[in-house]
Amino acid sequence: MPIRVLPPEVASQIAAGEVVERPASAIKELIENSLDAGADHIQIETREGGRRLLRVSDNGQGIPAAEVALAFERHATSKLSSADDLLNVATLGFRGEALASIASVSQLTLLTRHVSESVGTRVRVEGGITVKHESKGTPPGTIVTVENLFYNVPARQKFLRRAATESRHISSIVQRLAMAFPERRLSLVSDGRLVFQSNGSGHLHDVLVKVLGLEAARQLVPLGFEDQRTSGSDREAIRLEIPDVHGFVGLPTLSRSNRNQILFFLNGRLIQDRSLTFAVTEAYRNRLMAGRNPVAVLMIDIDPAQVDVNVHPSKAEVRFRDERAVFRAVQKAVLATLNQHAPVPELSRDGLGWSLPGWAERRQSLIDAGQGQQPIQFEPARPAGPNWDPITPVSGEGESLDQQAHAQVGDSDSALGDASDVLPMLRVVGQMGTTYIVAEGPKGMYLIDQHAAHERVLFEQMSAQQANKGVPQQALLEPLAFETGTEQAGLIEEFSDALSASGFQIEPFGGDTWLVRAVPAVFGSVDPRRAVAEVLQGLADGRDLVGETKEEALVTIICKRAAIRGGQVLSIEEMRRLLQQLEACQNPGSCPHGRPTMLILSTDQLEREFGRRGA
């Protein structure tokens, strides 16, 4: 094909694809424009997850009437005048692409009035073409209304998620910008309901309480200087060659399974930087369990001349002139705060020995076992097929059980992980470390992880109940008032149908308060508040929903929280019952997360280890 210049409308849509990925991207660009205009009160309104409507209203300085038409031209900006200015960017926006890109893929209306003028201007742009330009009375400030986003790019619309998911992304952007500018008041209304509002007090902790909830915010400790030290216009005057780091970090008691809540703001700009994330996680080394990540909201103030923000259209990636100095400053500040508020416990001389961590508590649990302990209630096992016959455990008849198992599986030597394999009948021998069940089977010794095994049992039971629309519920005698942060409130809305199908009955009660009227029956012996909190935390940790429905993902999370834990003492009868249910499962070899439920030490291997056969 011959080389040719693309038509202007095609070039505009290509540029828009770099800047406007989804409705949340458009909201981010518009709010940043309002912040650069000096607005201290910004209102955001959305409908249908931003597809139908996005509106950002501010009380900033506004746009002069003579410059309104120019604002929709590509690379038109008031924040740069020469290439040298790129070396000292002190504003959030500077490319001059956002408004033109959004207008090229939507029906946009701009109503603005500059503070020095008595009359405002209203402009209507559809698909990048101006269709109306008129004078209009309006207060000082700017209102940008975006309707039918991607109406002229159907292929892009197909990639948008459900309205609830897009609303959650918008809410996340608004919350993060509220953290970056706690002295500005931001409010978000979604489909006519106020879902977030910061008070503009200038204190970062107030925003964190609103976003994370009071319980999580109590586990945050201040880092560096006062959180409002560089608020407002002071950021524009920052000339620090050595970065100043402040904000809040979580105590080791507050952790997540991913790194989504390690946030960095550079001179008020939300950025992504793997090396800085590594600096924070390294500071928590030996303070968090493997696989857990901290919560941190860090403000980095530095001379803009020390940073290159012109790296990517999203402006989320930056380059530091002295990356090592910034890395050291972040890690040093976090380490100093943790050493003050959460020092690493030292190993005392009395703690040395061969015993495992926590063995004293486990030993006491074993001593107390059987002394009035309430037995664990297991649901009846679900038959794996029409010919399934439940086992009635008989004390002292291990041989007959083993013979039955041999008859069931024959002389096959296939490994347990094969898809065609069925777990044979097992004879319980005992419990090791109050975590693993020791059993005997036709292939040798089986070590079963009681938590993973119970997860698998609960998962298949709940999946079957959910398919039949009959998940048992445990109704509460009195509704439980449950307060959440804005982030978790968005998860309740997004997963409302899945939560209901899984046995939860949760209703809004105004603001960030919800009423819990029922929980799944598997949580019958668990504090309802704890059950809801743990399930919401599992959702907030950001499970991968590719390849599974939200209902399946939620059932997996519920089963993980409801299953018996490691370190919990089980009686022989409880262990037998658990293994019976595991035998009836369709996939007994792994838990819903893919972790193995058991390990096998074969008879042949035992005989080799004891020298009964040649090595």
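Residues numbered from 1 in each chain as written. Predicted model: local features only at pLDDT ≥ 70, side-chain atom pairs only at ≥ 80, totals over all residues. Heavy atoms only, no water.

## Considerations on the overall build of the protein chain
Secondary structure summary: the protein chain contains 18 helices and 24 strands in total. The buried share of the protein chain, reckoned over its 615 residues, is 46%. Relative to all contacts within the protein chain whose residues are 6 or more apart in sequence, the contacts with residues 24 or more apart total 70%. A total accessible area of about 31200 Å² is found for the protein chain, and carbon and sulfur atoms account for 50% of it. (Helix = DSSP H or I, 4+ residues; strand = E, 2+ residues; numbered from the N terminus. Buried < 20%, exposed > 50% of the residue type's maximum accessible area, 1.4 Å probe, protein only. Contact = heavy atoms within 4.5 Å. Areas by Shrake-Rupley, 256 points an atom, 1.4 Å probe, with all protein chains shown as cover.)

## A word on the packing of helix α8 (residues 274–283) against helix α9 (residues 323–341)
In the contact formed by α8 and α9, the axes pass within 9 Å of each other and the chain directions differ by 25°. One element, α8, and the other, α9, form an angle in the roughly parallel class. Where α8 crosses over α9, the handedness of that crossing is right-handed. Contacts between α8 and α9 involve Ser 275, Leu 276, Phe 278, Ala 279, Val 280, Glu 282 and Ala 283 from the first element and Glu 323, Val 326, Phe 327, Val 330, Gln 331, Val 334, Leu 335 and Leu 338 from the second. Residue composition of the contact of α8 with α9, grouped by class: 11 nonpolar, two polar and two charged. (Axes fitted to C-alpha atoms, helices over the stretch in contact; angles between N-to-C directions. Parallel < 35°, antiparallel > 145°, perpendicular 65-115°, else oblique. Left-handed = near helix turned anticlockwise from the far one by under 90°. Nonpolar A, V, L, I, M, F, W, Y, C, P; charged D, E, K, R; others polar.)

## Let's talk about the sheet that holds strand β23 (residues 513–520)
Spatially, the three strands line up as an open sheet ordered β21-β23-β22, and their pairing is antiparallel. Edge strands, defined here as strands with exactly one partner in the open sheet, are β21 (473–483) and β22 (505–508). The average angle at which neighbouring strand axes cross in this sheet is 15°, direction not considered. Pairing between β22 and β23: four bridges, direction antiparallel. Bridge pairing links Glu 507 to Leu 515 in β23. (Pairing = 2+ DSSP bridges.)

## As for the sheet that holds strand β19 (residues 436–441)
The strand order across the open sheet built from four strands is β18-β19-β20-β24, with neighbouring strands paired in antiparallel fashion. The sheet terminates laterally at β18 (427–432) and β24 (598–602), the two strands that pair on one side only. When strand polarity is set aside, the average angle formed by the axes of neighbouring strands in this sheet is 25°. Where helix α12 (residues 450–467) meets the sheet, it contacts β18, β19 and β20 (444–449), and its direction lies at approximately 75° from that of β20. Contacts from helix α17 (residues 572–583) reach β18, β19, β20 and β24, with the element oriented near 120° to β18.

## Focus: the nonpolar core
In this structure, Ile 27, Ile 31, Phe 72, Leu 108, Val 174 and Met 179 are the most contacted members of the largest nonpolar core, which totals 57 residues. If you tally residues by element for this core, the top one is helix α5 (residues 163–180), at seven residues. Residue contacts for Met 179: discarding those within four places in its chain leaves Leu 204, Val 207, Leu 208, Val 211, Leu 263, Phe 265, Val 297 and Met 299. Grouped together as the second largest cluster of nonpolar side chains are 30 residues, Val 245, Ile 271, Ala 283 and Tyr 284 included. (Core = buried A, V, L, I, M, F, W, Y, C linked by side-chain atoms within 4.5 Å.)

## Structural notes on the environment of Val 131
Positionally, Val 131 belongs in strand β5 (residues 129–136). Filtering out sequence-adjacent residues up to four positions away, Val 131 remains in contact with Arg 124 and Glu 126.

## Focus on the packing of α12 against α17
Running from N to C, α12 and α17 cross one another at 50°; their axes reach a closest spacing of 9 Å. Viewed along their axes, α12 and α17 adopt a mutual orientation that is oblique. Handedness of the crossing formed by α12 with α17: left-handed. Mapping the contact onto sequence places Gln 450, Ala 453, His 454, Arg 456, Val 457 and Gln 461 in α12 and Leu 578, Gln 581 and Leu 582 in α17. In terms of residue class, the contact of α12 with α17 is made up of four nonpolar, four polar and one charged.

## Quick notes on the side chain of Ser 171
With respect to the element layout, Ser 171 can be found in helix α5. Residue Ser 171 is classed as buried on the basis of its relative accessible area of 11%. Among the polar contacts made by the side chain of Ser 171, one reaches the side chain of Gln 175 at a distance of 2.7 Å. (Polar contact = N/O pair within 3.5 Å; in protein donor to acceptor, adjacent residues only side chain to side chain.)

## Digging into unusual backbone geometry
The backbone of Glu 48 sits at a positive phi, close to 55°, despite the residue not being glycine. Along the chain, Glu 48 turns up in the loop between β1 (41–47) and β2 (53–58). The exposure class assigned to Glu 48 is partly exposed, which follows from its relative accessible area of 45%. For Thr 434, which is not glycine, the phi torsion reads 50° and is therefore positive.

## A closer look at the pattern of salt bridges
A full pass over the atoms with the stated rule returns 15 salt bridges. Where Glu 183 meets Arg 184, a salt bridge forms, and the shortest distance between an N and an O atom there is 3.5 Å. Here Glu 183 matches Arg 184 in class, with each residue buried. For the salt bridge of Arg 456 with Glu 460, the shortest nitrogen-to-oxygen distance reads 3.3 Å. A residue pair is termed a helical-turn pair when its members lie 3 or 4 positions apart in one helix, as Arg 456 and Glu 460 do in helix α12 at four residues. Per residue, the accessibility class of Arg 456 equals that of Glu 460, and both read buried. Bridged by salt links that share partners, the residues Arg 52, Arg 124, Glu 126 and Glu 147 form one connected network. (Salt bridge = Lys/Arg side-chain N within 4 Å of Asp/Glu carboxyl O.)

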